[in-house]
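# Examining the three-dimensional arrangement
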Amino acid sequence: MSRSPCCPGPGGSSAWTPVSPRSAPGPVQEGNWTPQGPGMRTRKGPGQKCVHPREGPVLQTESRTVSFRLLRNLSSVAVTQLSCGGQHSVALTSDRQVYVWGGNGSGQLGQGAGGPQVRSPEPLRALSSVPVVQVAAGGTQSFCLSVSGAVFGWGGNQCGQLGLGDTTDRLTPTLVKPLNTWRTIQICCGREHTAVLTKDGAVFTFGSGRFGQLGHNSFRRELHPRLVGELWGAKVTGIACGSYHTLVLTERHRIFSFGRDDRQQLGRGEDSQPSVALPVRLPRCNSRVAAIFAGENCSYATCRQEAPTGCQGPESQHCLEQMIEEWTGRAKSLKQLRADVTRAFSSACCFNQSFLDRRGDQHLRIGPGCPGLDLALAESSFSSLLRLAVTTEVEAAVAQLLPGLPHRPASVEGLRIYLLLMELLHVLQQQSQRTPLGDTLACSLARLSGESLELIVDWWSSLPQHLSRRYVEVWKRHLTTIFFSSLNPYCLEREVTASLQLLQRLSTANDKIHAAKRLPSETFSVDVCQLVLREDLRRWLALRTDQDANTDRPLVLFTFPSLISGRSKRTALDLYIHTMMAQALSTWRTLLSLPSDRSLYLELRLRRSSLLDDAFRQMAAAPPERMRLPLAVYFHDDPTLTELHKKNFFHHFFKQLMSERADMFHFNDSQTLAWFPPSATGEAREKFRLMGLLCGLALYNGCMVALPFPLVLFKKLLNVEPTLDDMMEFSPCVAEGLRCVLEYGDQELETLCQTFEISWAGSLVDLDTENPGKPVTSANKAEFVEAYINHAFTSSVVQVFQEFRRGFFQVYRPELLLMFQPEELQAAVVGTDTCDWEQLRLTTQYDLPYLMKHPVQVQMFWEVFDELSEEQRRDFLWFLTGSRRAPILGMGQIRLFIRERLDSRDEHYPESLTCHSILELPVYSSKEIMRTRLREALVQERGWQM
């Protein structure tokens, strides 16, 4: 009597194909036979498995003989599953690799356009990174199932047995997308049909239905997976396919069958409708059905006293978290440990089947927005592993693995490795600042197809904020290490570019995330060292004069401007200014035949009593060629002073401009912000050009200006369109009204009686001149809001703003400043709101005699300063520098210098020299007097302290 066949799954049993005198009719076909005992052989039906009692070498019968021969290609690997089709075989090894051999007439080997047959097992490289848990072979079709429930089919498809919606054969593994959301746990193949079982106990069939083997009460074929409705609610736990019939086992241990019944393989005992799933008549016994099997034209069931219940998915293989737990918990020689680590970390499948999030079967829902990974487990496991002194082996194994990964994996599961490697990179960075894994991983990510990379970025977007921030910091740390180490970044140009490209993608994806989860834009900013900035600037300037394709391109500047920190951009701008000044000085010295050490300046000689008029007149008369020389300011009442007065000049020029010439500007309701007037004469427009020129010169000469303009000014300078947020900054009342218009429906808008006629800057304006009195409705309210903002910040001030812009860019190449974000350019011109007061304290210098003689005074000053409120500290910053905002490079740029005020007494106030950031402190007799005098000095105008 023959034994029952084995159940498909890892770690097979000593079972054999069932023997029946009627099960193997017809002539013998080469390659379709397996021995069944002494002098006995039986033909196997499609989809039958033959798994050896122990994982190990696979034996195959020689053609037309009963002798075995060793499959040498599989002799060194542990085979866990075998499935035999009509003329081909598919094997699965313990490390999740799929091997195929045999006939290939319909592409059932999945190797592409190969030959008609393959005589020895070959790895199926298309699935090399996919963790496969089951293989199945039919007549001419092949299938495999991944650890996350993805189903792949390839080979013959003449009856639609691949479930892809057509009848075209597939030469390589193709994802059966309709099954993606059903959490498949088992696949079985017949000669021309396929059956699939899901974790919820549902059965889908597709392919040929000519014998009713699909169970849909019809004999039609199905090109797409179709649910077997008769079994709905029965909670199926197992399926099996013969050549043309199907068996189903339910959790109540009942068997249903449908399909061909010419050999009574349906087990019903009487004629019945073969295309409907009906119960099999089983003999009464005390045992319960445990498993079902189907041969070509026969059916088997095994019984036992206690049978497992519920849908059993493919058995889990040994994965990284289990291996790491074993390595850290059991003593093992270091040599053996390193060999095991190298083997595990050299397998993409091992990565992709590890650290799965099995809570609620999340790992089966893999797709956009759901990587199905437990990254917290990955972090703790990697941290534990790297304590075992195997860092070198881990890095070397991964470095060897990454270049061979497919650019477009057959399944999204093949991309999980990249998130896990980012986590590994994070853990490695905790041990060492520089790890080569970052370079290799960045280049591997850059080689991925756009679709694959987009999915990884989508997974990143779906992570909790602390994890998404972590991986941004991982790549920033990687880049910073390169920029500020002894390495030459230009020798790693490919790796640096790949890292920057990935960071750019993450930044772009971050902009699309909901505001509550979005990371601040500065999170993606990278600091770049001066050496790199200087070389990039040299390359950029060379490109301006030489467009040769062989000219070196900048590595970071002008290539990834949004990723460079504001501090680094300002440093790059200062380097450019230094270069331009040096070139201008050299040019003028040559023209004037002056020695190389002779100083030259763009000079302004001003009267304090008519500062604005003198400045406007002299700037209008200054030759444009001299604008790139350093600026020097002289005052008539003190002609010995030189260019060091420029900081005071810019401070008082813009202060007087905004107060005495208030009619030049349109102020908001709170009189805190200014904007350009809707109209101006030719002479007034010229003053706006000169105003822009002086703003540009202040930036060129390293001075901040008190320019009370909203952020929209700097947006427009950088060609960024204004938005409702800009109106909210300038006029909250108007912005709130516009926001309400956007939220109102027809009834509210009709009650509002709002038309396209508005009042702006004291004038009535019709925003739609072609339709006077046009009412605002639900259909055009967005158009109305856009037109309002456009008129306020653009169309009404076109001429005036263009003059200001023309003057501002007279000193610079416009593309140089276009690398700034609006907020960064604003910070460079007028300073930033972020004030690090501790940095100010740490970078303060003191007059040495004063410090030696009055150390208590210094201590008293900082104690009084610490007692000041934030507003009072900004008053002190204004008192010291002429600005309430900090330099973009930080408070250390102020370089506060404290010295004793001569002829000082208790009734004297502290004084400041704003051009030098010098604070002169009287020697006070007590802390209380110092506190009083300092606070009084901050609230009154002390005049020009030169």
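## Quick look at the side chain of Glu395
Within the secondary structure, Glu395 sits in helix α5 (residues 391–401). Nearest to the buried, unbridged Glu395 among oppositely charged side chains is Arg434, at 9.0 Å.

## Describing the environment of Ser384
Inspection of the secondary structure assignment puts Ser384 in helix α4 (residues 375–386). A residue is classified by how much of its surface remains accessible, and Ser384, at 25% relative accessible area, is partly exposed. When the C-alpha atoms of Ser384 and Ile324 are compared, they prove to be 7.6 Å apart, with 60 residues separating the residues in sequence. Aside from chain neighbours lying at most four places away, what touches Ser384 is Ile324 and Thr328.

## Quick look at the pattern of salt bridges
Scanning all chains against the criterion turns up 42 salt bridges. A salt bridge links Arg539 to Glu535; its shortest N-O distance comes to 3.1 Å. Separated by four residues within a single helix, Arg539 and Glu535 lie in helix α11 (residues 530–545), roughly one turn from each other. We classify Arg539 as buried; its relative accessible area is 7%.

## Considering the packing of aromatic side chains
For any pair of aromatic rings, the description consists of the separation of the ring centres together with the inter-plane angle of the planes. According to the stated counting rule, one finds 38 aromatic pairs in the structure shown. A ring pair is formed by Phe345 and Phe351, whose centres lie 5.3 Å apart and whose planes are at 85°; its orientation type is edge-to-face. Looking at Phe345, the relative accessible area reads 0%, which means it is buried. Classification of Phe351 as buried rests on a relative accessible area of 0%. Between Phe808 and Tyr812, the aromatic rings sit 6.4 Å apart at their centres with planes inclined by 35°, giving tilted as the arrangement.

## Remarks on the packing of α5 against helix α6 (residues 416–431)
For the pair α5 and α6, interaxial distance at closest approach is 12 Å and the crossing angle is 145°. Judged by the sense of rotation from one axis to the other, the crossing of α5 with α6 is left-handed. On α6, the residues that touch Thr391, Val394, Glu395, Val398 and Leu401 of α5 are Ile417, Leu421, Leu424, Leu428 and Gln431. A per-class count over the contact of α5 with α6 returns seven nonpolar, two polar and one charged.

## Brief notes about the pairing of strand β11 (residues 141–146)
The buried fraction of β11 is high, at six of six residues. Going residue by residue along β11, you find Gln141, Phe143 and Leu145 tucked away on one face and Ser142, Cys144 and Ser146 tucked away on the opposite face as well. Where strand β10 (residues 132–137) lies against β11, five bridges are found, and the strand directions are antiparallel. Each residue of the ladder has a partner; that of Ala137, found in β11, is Ser142. In sequence, β10 turns back onto β11 through a hairpin of three residues. Taking the residues that link successive antiparallel strands as the turn, the β11-strand β12 (residues 151–155) hairpin has four residues, and the phi of Gly149 there is positive, at about 85°.

## What to know about a nonpolar patch on the surface
A surface patch of nonpolar side chains, amounting to about 320 Å² of accessible area, comprises Leu848, Leu851 and Met852. The topology assignment puts Leu851 in helix α25 (residues 848–853).

## Topic: the side chain of Glu192
Within the secondary structure layout, Glu192 lies in the loop between β14 (184–189) and β15 (193–198). Residue class for Glu192 comes out buried when judged on its relative accessible area of 14%. A polar contact of 3.4 Å, which involves the side chain of Glu192, links it to the side chain of Arg210. With near-sequence residues (within four places) excluded, Glu192 lies in contact with Gln141, Cys159, Gln161, Gly207, Ser208, Arg210, Ser243 and Tyr244.

## Quick look at unusual backbone geometry
Phi angles above zero are rare outside glycine, and Ala389 is one such case at about 60°. Secondary-structure assignment places Ala389 in the loop between α4 and α5. The backbone of Cys753 shows a phi angle near 60°, a positive value even though the residue is not glycine. As for its placement among the helices and strands, Cys753 is situated in the loop between α19 (746–752) and β28 (757–760). Residue Cys753 is classed as exposed on the basis of its relative accessible area, which comes to 61%.

## Overview of the sheet that holds β12
Read from one edge to the other, the open sheet built from four strands follows the order β10-β11-β12-β13, with strand pairing classed as antiparallel. Where the open sheet ends on each side, the last strands, each with one partner, are β10 and β13 (170–175). Shown here is a sheet whose adjacent strand axes are inclined to one another by a mean of 15°, direction ignored.

## Concerning the sheet that holds strand β33 (residues 918–921)
Strand order across the open sheet formed by four strands is β30-β31-β33-β32, with mixed pairing between neighbours. Only two strands of the sheet have a single neighbouring strand rather than two, namely β30 (845–846) and β32 (911–913). As judged from the four bridges shared by strand β31 (residues 897–900) and β33, these two strands associate in the parallel manner. Note on β33: the bridge partner recorded for Arg899 is Glu920.

## A word on helix α12 (residues 566–591)
Over its 26 residues, α12 extends 37 Å from the first C-alpha to the last, a length consistent with the 38 Å expected when each residue adds 1.5 Å. Taken from the residues just after α12, Ser593 is the one with a positive phi, measuring 55°.

## Here we look at helix α8 (residues 450–462)
Counted at 1.5 Å a residue, the expected span for α8 with its 13 residues is 18 Å, and the 18 Å between its end C-alpha atoms agrees. Every buried residue belonging to α8 is among Ser452, Leu453, Leu455, Ile456, Val457, Trp459, Trp460 and Ser461, and all of these are buried. If you follow the buried residues of α8, they end up packed against α6, α7 (437–447), α9 (465–483) and α10 (493–511).

## A look at the environment of Arg570
Note that Arg570 resides in helix α12. A relative accessible area of 8% means that Arg570 is categorised as buried. Sequence separation between Arg570 and Leu889 is 319 residues, and the spatial gap between their C-alpha atoms is 7.3 Å. In this view, Arg570 contacts Leu699, Gly702, Phe820, Ala828, Ile888 and Leu889; residues no more than four positions away in its chain are not counted.

## A few points about the confidence of the model for the protein chain
Any residue range with low pLDDT should be treated as having predicted coordinates unsuitable for detailed reading. When the pLDDT values of the protein chain are averaged, the result is 85; 89% of them are 70 or greater. Between residues 1–45, whose pLDDT stays under 50, and residues either more than four places distant or in other chains, the model counts 99 contacts. Below pLDDT 50 for its whole length, residues 941–946 participates in 20 contacts with residues either more than four positions away or in separate chains.

About the cut-offs
- Residues numbered from 1 in each chain as written.
- Predicted model: local features only at pLDDT ≥ 70, side-chain atom pairs only at ≥ 80, totals over all residues.
- Heavy atoms only, no water.
- Helix = DSSP H or I, 4+ residues; strand = E, 2+ residues; numbered from the N terminus.
- Buried < 20%, exposed > 50% of the residue type's maximum accessible area, 1.4 Å probe, protein only.
- Lys, Arg positive; Asp, Glu negative; His and termini not counted.
- Salt bridge = Lys/Arg side-chain N within 4 Å of Asp/Glu carboxyl O.
- Contact = heavy atoms within 4.5 Å.
- Phe/Tyr/Trp six-rings, centres within 6.5 Å; stacked < 30°, edge-to-face > 60°.
- Axes fitted to C-alpha atoms, helices over the stretch in contact; angles between N-to-C directions.
- Left-handed = near helix turned anticlockwise from the far one by under 90°.
- Nonpolar A, V, L, I, M, F, W, Y, C, P; charged D, E, K, R; others polar.
- Pairing = 2+ DSSP bridges.
- Patch = residues over 30% accessible without salt bridge, like charges linked within 9 Å, V, L, I, M, F, W, Y side chains within 5 Å.
- Areas by Shrake-Rupley, 256 points an atom, 1.4 Å probe, with all protein chains shown as cover.
- Polar contact = N/O pair within 3.5 Å; in protein donor to acceptor, adjacent residues only side chain to side chain.
- Expected span 1.5 Å × (residues − 1).
- pLDDT = per-residue confidence, 0-100.

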